[in-house]
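# An overview of the molecular structure
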Amino acid sequence: SMTLGMVFVFGYNALSAVLRTEEQRRLYAALRTLDEKRRVAVVLYYFDDRSVKEIAQATGVTEGTVKSRLFSARRHLRQALTAGETEPREAVSHE
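Residues numbered from 1 in each chain as written. Predicted model: local features only at pLDDT ≥ 70, side-chain atom pairs only at ≥ 80, totals over all residues. Heavy atoms only, no water.

A few words now on helix α2 (residues 36-47). In a regular helix each residue adds 1.5 Å, so 12 residues correspond to 16 Å; α2 covers 15 Å between its end C-alpha atoms and thus fits that length. Directly after α2, the chain includes D49, whose backbone phi takes a positive value near 60 degrees. (Helix = DSSP H or I, 4+ residues; strand = E, 2+ residues; numbered from the N terminus. Expected span 1.5 Å × (residues − 1).)

Another aspect to go through is the packing of helix α3 (residues 52-59) against helix α4 (residues 63-82). The interhelical angle for the contact between α3 and α4, taken along N-to-C directions, is 105 degrees, at an axis separation of 8 Å. The angle between α3 and α4 places the two elements in the roughly perpendicular class. Where α3 approaches α4, its residues V52, K53, I55 and A56 are matched on the opposing element by E63, V66, K67 and L70. Residue classes in the contact of α3 with α4 are distributed as five nonpolar, no polar and three charged. (Axes fitted to C-alpha atoms, helices over the stretch in contact; angles between N-to-C directions. Parallel < 35°, antiparallel > 145°, perpendicular 65-115°, else oblique. Contact = heavy atoms within 4.5 Å. Nonpolar A, V, L, I, M, F, W, Y, C, P; charged D, E, K, R; others polar.)

Here R38 shows up in helix α2. In this structure R38 comes out as buried when scored by relative accessible area, which is 18%. Engagement of the side chain of R38 in a polar contact is seen with the side chain of D35, the distance being 2.5 Å. Once you skip the residues sitting within four places of it in the chain, R38 turns out to touch R69, S72, A73 and H76. (Buried < 20%, exposed > 50% of the residue type's maximum accessible area, 1.4 Å probe, protein only. Polar contact = N/O pair within 3.5 Å; in protein donor to acceptor, adjacent residues only side chain to side chain.)

What follows is the structure in structure tokens.
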């Protein structure tokens, strides 16, 4: 039979998995709102671990353009992911 400790640990892990899944769902939804050029840059950089130089070569643009797309995409994603929050992160921590 399971001990109370085992139940707690299992319950906590299950909750963590659900929260992770919810965060991932929100992230993927936000990614879909990016235009294709910025989405490609973000996916290659963050999910495929490609360097700015590699992305520039693969997409036929300058490294500066890749950096600009990543910067713009991060700003867009931050706004999209904090849109539902009552108090945006920017107001709390001055990044």
